Amino acid sequence: MMKMIKPLCLVALLIASVVAVTPPITKQEIVAVNQTKILETFFLATNGPSGWGRRYAGWGTPSPVCTWKGVTCNEKDKVVSIELQQVSDMKGPIPAGVLGSLGSLKSFGIIGSSLQGPSRATSSTT
């Protein structure tokens, strides 16, 4: 029994040391994760993986959303604009509340799509 306690103590000590040196998550990192999840939801709901997303670099990848083609961010790395053109294979409903969850979004422009649904931001579809 005594031999089993020593390895368990070492494991507990190792876990405690890893937790102690892990830096706290910043507000900017939380914003980045949330924006990524929001745009991934939009991407998946609008035929992104098998359609338009293949022509728009960054979409559907782990790269920061501010580097995705058609996405513009402000100096605080918050998405302020989404402009996508020639996306005739973009279709389906825009999931309710998804784009409205991007608190800094000022412009949402989609040209040549078959999207449907509400958007908090100004949108243009043709």
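If you're wondering where the values come from, they're calculated on a predicted model, not measured in any experiment.

A. Main features of the pattern of salt bridges. Scanning the entire structure with this criterion turns up 1 salt bridge. Close ionic contact of D89 with R55 constitutes a salt bridge, the shortest N to O distance being 2.9 Å. Of this pair, D89 sits in the loop between strand 2 (79-85) and strand 3 (91-93) while R55 sits in the loop between helix 2 (27-45) and strand 1 (71-73), placing them 34 residues apart in sequence. Under the relative-accessibility criterion, D89 is labelled partly exposed at 22%.

B. Inspection of the pairing of strand 2 at higher detail. Along strand 2, 5 of the 7 residues are buried, which leaves the element largely enclosed by surrounding structure. Note that strand 1 and strand 2 share 3 bridges and pair antiparallel. Each residue of the ladder has a partner; that of C73, found in strand 2, is V79. Remark: 5 residues form the turn of the hairpin made by strand 1 and strand 2, two consecutive strands paired antiparallel; D77 in that turn has positive phi of roughly 60 degrees.

Rules of the game
Residues numbered from 1 in each chain as written. Predicted model: local features only at pLDDT ≥ 70, side-chain atom pairs only at ≥ 80, totals over all residues. Heavy atoms only, no water. Salt bridge = Lys/Arg side-chain N within 4 Å of Asp/Glu carboxyl O. Helix = DSSP H or I, 4+ residues; strand = E, 2+ residues; numbered from the N terminus. Buried < 20%, exposed > 50% of the residue type's maximum accessible area, 1.4 Å probe, protein only. Pairing = 2+ DSSP bridges.

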